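Coordinate analysis (summary)
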Amino acid sequence: MPNVCKDCFSDKELKGFINSQSIKGNCDFCENKDIEILEISELFDFFKELLDNFKKVEEGDSLKSKIQGNWSLFATLDSATKILNFIIDKIDTELASSDDIVEFNDDILENINYWDILKEQLIWETRYLTDINHITELGWDGFFNTQIILNKTTDLYRARLHNVSSDTAYQSHEMFCPPKHISTAGRANPSGIPYLYLSDNSETILYEIRASYLDEVSIGTFRLNEGYNNIFIADFTENPTIFHPSKVNDKIKSTLLKQKISADLSKPMRRYDSELDYIPTQFICEFIKVYTGVHGIKFRSSLHRTGNNIVIFDQNLMQCTSIQKVKVKKVVITT
């Protein structure tokens, strides 16, 4: 039976599993020499479990593209082709080749597509008495457990535009959320329940507040408040791993569902949006807060691709450590 090496894969968990075997030799797939290897048969059960989640269809993506596009399991498409074709020939599967056109099976599609059904229900049908039991039966309460830790040294940023150019920088207490009675709805928070919207770099936050040429802006730096060593944040920006033997189906559902929700969270707030548009993401943030116990969420900024947004559910966890007033000198607009 041929050997496969860690460098044939990109999945960190799978690479770690191969490393943990502490066996070195030559790879029969990429021809690397004297490298951590594993007999390919050791992965048959995992790949059987993975491939059982796909079905053949007439139109769509190839099996290898579907796997790579969502999880980057393999180091290259060439590695994906060689390894998948070898394994498919050795296990019991209806698939014949890595080039088969596939879709996820009905169980997965029904699960993740419920997000679209739920959005319509929340906006137009049953907003306050949603069937939480059905959501937990789908397993969603276990799909948001990937978390990052914010500690005392983590700097986050929040910005406020100035209406008068001669104004001095805002005071620390002015950089926090508005009072509850005037707090408006956002992508994550309902009206009257303010969340603290932050970003992980000071440039991203200027994009988020739509700063324009010659605008003057106060940028506050935030850290955890005294008395807190760290807090936990649900992460929508992770590079997901699919190598979770016996839990592959759940990992697929989790990845695809979080992709859908993250896209909705990242949508820029437009001046012609209705507050109704925000209800589904407000709901899911509340669901995550209650069912995972995290203190916030992290998702990608759609306005600044190198940055991420962090929403803190309770602003009292944070302190504003410094404030800098800046003037916007350059704006880049593309179409």
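Before reading on, note that the structure itself is shown above.
1. A few points about the overall build of the chain
Along the chain, the regular secondary structure elements total nine helices and 13 strands. Across its three principal axes, the chain shows a C-alpha extent of roughly 75 × 50 × 45 Å. Here the chain holds 335 residues, and 45% of them are scored as buried. Contacts spanning at least 24 positions in sequence make up 76% of the contacts within the chain whose residues lie at least 6 apart. For the chain, the accessible surface area stands at approximately 17300 Å², while carbon and sulfur atoms represent 46% of it. Considering the chain, the positive charge centre built from 37 side chains and the negative charge centre built from 49 side chains are found 8 Å apart.

2. Observations regarding helix H4 (residues 77-88)
Owing to its 3.6 residues per turn, the α-helix aligns residues three or four sequence positions apart on the same side. End to end, H4 covers 16 Å across twelve residues, agreeing with the expected 16 Å (1.5 Å per residue, within 8%). Those residues of H4 that sit buried are Ser-79, Ala-80, Ile-83, Leu-84, Ile-87 and Ile-88. Buried residues of H4 fall within an arc of 135 degrees about the axis and therefore sit on the same side.

3. Focus: the side chain of Glu-216
Tracing the sequence through the fold places Glu-216 in strand S9 (residues 216-224). Looking at Glu-216, its side chain comes within polar contact range of the side chain of Lys-325, at 2.8 Å. Apart from the residues within four sequence positions on either side, Glu-216 is in contact with Arg-160, Leu-161, His-162, Val-164, Ser-165, Ser-166, Lys-325, Val-326 and Lys-327.

4. With respect to helix H3 (residues 63-71)
Counting buried positions along H3 gives seven out of nine residues, so the element sits mostly inside the fold. Along H3, the residues classified as buried are Leu-63, Lys-64, Lys-66, Ile-67, Gln-68, Asn-70 and Trp-71. Residues of H3 that are buried sit in contact with helix H2 (44-51), strand S4 (54-62), H4, strand S5 (101-104) and helix H8 (248-266). Once H3 finishes, Ser-72 follows within two positions and takes phi at roughly 45 degrees, a positive value.

Reading the values: the criteria
- Residues numbered from 1 in each chain as written.
- Predicted model: local features only at pLDDT ≥ 70, side-chain atom pairs only at ≥ 80, totals over all residues.
- Heavy atoms only, no water.
- Helix = DSSP H or I, 4+ residues; strand = E, 2+ residues; numbered from the N terminus.
- Buried < 20%, exposed > 50% of the residue type's maximum accessible area, 1.4 Å probe, protein only.
- Contact = heavy atoms within 4.5 Å.
- Areas by Shrake-Rupley, 256 points an atom, 1.4 Å probe, with all protein chains shown as cover.
- Lys, Arg positive; Asp, Glu negative; His and termini not counted.
- Charge placed at Lys NZ, Arg CZ, Asp CG, Glu CD.
- Expected span 1.5 Å × (residues − 1).
- Arc of directions from axis to C-beta.
- Polar contact = N/O pair within 3.5 Å; in protein donor to acceptor, adjacent residues only side chain to side chain.

Interpretation in functional terms is not warranted from these geometric data alone.
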